[in-house]
Amino acid sequence: MDKSLIAATLLGLTMAVSPIGGASAADLKVIAGGGMTVPLKELSPQFERATGHKLDIAFAATPELIKMATSGDPMDLAVVPVDVMKDAGARAKFAPEPTTDIARVGFGVAVKAGAPKPDVSTPDALKQTLLNAKSITFLPESAAGAYVIKVFDRLGIGEAMKAKTKAQKSAVEIPKAVANGEAELGIFLSNVLTAPGVDFAGPFPGDLQQDLVFTGAVAAGSKDAAAAKAFLDYLKTPEAVAVIKAKGMRPG
């Protein structure tokens, strides 16, 4: 991206939302899906430098995010899988305005770096690859994990996969488990599987593929809704979109 465009974007954002007249900068508490960890960790410091606001981001899977949203603990905004907003109790904790889709990503398979890449080009090939694998790893307790289990069931191998599964507690642990040999295959969101120590074998084929959408919303009880919305607006800027794309996701 042209450096002058980046500078103009940041300058405009700074003028719009920076503390004025000696007002205190906002400390924003954010909940976010684990699949957004990599892009948000790169974008957050840039937003903080541009505005003076600070972000405290807690990353988690969908069930935990729902608990966070409904716990009553302070929260300013969320960047979460749409499944969180399908929970009535969680949705009630956010402003009534429509949510903003930030990014989306499909599913795929990864192997340890340097290992032969299995055939996942058709549903039958994916089924055979999964059946041949000695072990697999993913995050069952998540929206993405729920879809992976659904795919196993569609392929008729749900029970067979249970015995092979090395469940992880966070998305970032999935590629690590493949890289260190704990599991032969990683099955999850494609961007999560684009990580050091692993090679991406390919996406889910045909109609087995589906996007997981991450959406943003300002909390109804935010102590600084303007600053919270500014971060969501920032995630739609050309600079942020470029980072989202670079991290293996599609914006919007």
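Figured I'd write up the structure that's included with this text. Keep in mind it's a predicted model, so treat the numbers as computed, not measured. (Residues numbered from 1 in each chain as written. Predicted model: local features only at pLDDT ≥ 70, side-chain atom pairs only at ≥ 80, totals over all residues. Heavy atoms only, no water.)

Observations regarding the pattern of salt bridges
Thinking step 1. Under the defined criterion, the tally for this structure stands at 9 salt bridges.
Thinking step 2. Residue K247 is joined to E42 by a salt bridge in which the shortest nitrogen-to-oxygen separation is 3.1 Å. Taken together, the positions of K247 in the loop between α11 (238-246) and β11 (250-251) and E42 in helix α2 (residues 37-51) put the pair 205 residues apart, joining distant regions of the chain.
Thinking step 3. On the accessibility criterion, K247 (26% relative accessible area) is partly exposed.
Thinking step 4. A salt bridge links D207 to R154; its shortest N-O distance comes to 3.3 Å. Of the two residues, D207 is situated in the loop between β9 (198-203) and β10 (212-218) and R154 in helix α7 (residues 143-154); the sequence distance between them amounts to 53 residues. (Salt bridge = Lys/Arg side-chain N within 4 Å of Asp/Glu carboxyl O. Helix = DSSP H or I, 4+ residues; strand = E, 2+ residues; numbered from the N terminus. Buried < 20%, exposed > 50% of the residue type's maximum accessible area, 1.4 Å probe, protein only.)

Re the sheet that holds β10
Strands pair in a sheet through their backbones, by hydrogen bonds, and they do so in one of two ways: parallel or antiparallel.
Thinking step 1. In spatial order, the strands read β2-β1-β3-β10-β4-β11; together these 6 strands make up an open sheet with mixed pairing. Strand pairing shows two members of the sheet lacking a second neighbour, β2 (54-60) and β11, which therefore form its edges.
Thinking step 2. Across 7 bridges, the pairing between strand β1 (residues 27-33) and β2 is parallel. The residue bridging A32 from the neighbouring strand is F59, located in β2.
Thinking step 3. Contacts from helix α10 (residues 225-234) reach β1, β2, β3 (77-81), β4 (100-105) and β10, with the element oriented near 155° to β10. (Pairing = 2+ DSSP bridges. Contact = heavy atoms within 4.5 Å. Axes fitted to C-alpha atoms, helices over the stretch in contact; angles between N-to-C directions.)

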